[in-house]
Amino acid sequence: MQVRTERLILRPMTPDDLPALRRILADPVAMEAYEGAFTEAETRQWLERNLRRYEEDGFGLWAVDLADDPGVLIGQCGITRQRIEDDEVLEVGYLFRRSHWHRGYATEAASASRDWAFRERDAASVWAKIRDTNIASMNVAIRLGMTVRRRFTVRYRGVDMPHLGFAVDR
Ligand SMILES: CC(C)(COP(=O)(O)OP(=O)(O)OC[C@H]1O[C@@H](n2cnc3c(N)ncnc32)[C@H](O)[C@@H]1OP(=O)(O)O)[C@@H](O)C(=O)NCCC(=O)NCCS
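This structure is a prediction, so every number in the text was calculated from the model and none was measured. (Residues numbered from 1 in each chain as written. Predicted model: local features only at pLDDT ≥ 70, side-chain atom pairs only at ≥ 80, totals over all residues. Heavy atoms only, no water.)

Caption draft 1: Region of interest: the overall build of the protein chain. Tallying secondary structure elements over the protein chain gives 4 helices and 8 strands in all. Moving toward the C terminus, one meets the helices and strands of the protein chain in the order β-β-α-α-β-β-β-α-β-α-β-β. Principal axes of the C-alpha set define a box for the protein chain whose edges measure 40 × 35 × 35 Å. For the protein chain, the proportion of its 170 residues judged to be buried stands at 52%. Long-range contacts, defined here as pairs at least 24 residues apart, represent 58% of the contacts in the protein chain between residues at least 6 apart. Total accessible area on the protein chain is roughly 8,700 Å²; 47% of this is exposed by carbon and sulfur atoms. Distance between charge centroids for the protein chain: 2 Å, based on 26 positive and 27 negative side chains. (Helix = DSSP H or I, 4+ residues; strand = E, 2+ residues; numbered from the N terminus. Buried < 20%, exposed > 50% of the residue type's maximum accessible area, 1.4 Å probe, protein only. Contact = heavy atoms within 4.5 Å. Areas by Shrake-Rupley, 256 points an atom, 1.4 Å probe, with all protein chains shown as cover. Lys, Arg positive; Asp, Glu negative; His and termini not counted. Charge placed at Lys NZ, Arg CZ, Asp CG, Glu CD.)

Caption draft 2: Main features of the pattern of salt bridges. Throughout the structure, instances matching the rule amount to 18 salt bridges. Glu42 is the salt-bridge partner of Arg157, the closest N and O atoms lying 2.8 Å from each other. One end of the pair, Arg157, is in the loop between strand E7 (147-156) and strand E8 (159-169); the other, Glu42, is in helix H2 (residues 40-57), and 115 residues separate them in sequence. A relative accessible area of 30% means that Arg157 is categorised as partly exposed. For Glu42, a relative accessible area of 23% gives the class partly exposed. Measuring nitrogen to oxygen at the nearest pair gives 3.0 Å for the salt bridge that ties Arg155 to Asp160. (Salt bridge = Lys/Arg side-chain N within 4 Å of Asp/Glu carboxyl O.)

Caption draft 3: Inspection of the packing of aromatic side chains at higher detail. For the structure shown, the criterion picks out 6 aromatic pairs. Ring centres of Phe38 and Trp46 lie 5.6 Å apart, and the angle between their planes is 70°; on these two criteria the pair is classed as edge-to-face. Relative to Trp116, the ring of Trp62 has its centre 5.0 Å away and its plane inclined at 75°; by these criteria the two rings are edge-to-face. A residue pair is termed long-range when its members are at least 10 positions apart, and Trp62 in strand E3 (residues 61-66) and Trp116 in helix H3 (residues 105-120) qualify at 54 residues. Overall, the relative accessible area of 2% leaves Trp62 in the buried class. (Phe/Tyr/Trp six-rings, centres within 6.5 Å; stacked < 30°, edge-to-face > 60°.)

Caption draft 4: Focus on H3. Taking 1.5 Å of rise per residue, 16 residues should cover 22 Å, and H3 covers 22 Å from first to last C-alpha, within 8% of that figure. Asp122 sits one or two residues past H3 and shows a positive phi near 55°. (Expected span 1.5 Å × (residues − 1).)

See the structure below:
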């Protein structure tokens, strides 16, 4: 799977992306909504889990490269299967390196991922599970045409985190 947008390439991650992933996942500012920076072990588990998703589901979070600098991951974006309370949904996820925020890359990559889910998975809806403190992420969801559908709590890293469920229908 490879998707091109005007400025970006979405492609499968590989183990070689670990150092670039670390730049996102070990950054305490980028990882605020995840209750802080990941340890080295958590970063490796994240990558391994994502590679497993490609095998098991045929999709996952993809590496996002700049089209004019291919092979250098500046972010991650894609579709994963997620649970929201008792429901299983397809979620668009997006995490970018702080040096590449505020340029519209997350919205561009997430729009392509949303469209991929509608086109290739025949999804009726695409969701975004967003912690209620994560305003930048909510703004991406709004730019994707999403609206708030529900509220729920996620327990993650020992913390109860209120979340909003955003979604857009095909
Ligand atoms: C969530 C996250 C990806 C959002 O990043 P972002 O930079 O705010 O979003 P975008 O890449 O869509 O950029 C939008 C901004 O670029 C600006 N922009 C500049 N050039 C642009 C262009 N050519 N096209 C579109 N927007 C552009 C927009 O005006 C907007 O500005 P603002 O940040 O002042 O509102 C980022 O905050 C992040 O990686 N956070 C950490 C991980 C995380 O929490 N992920 C979400 C979990 S639910």
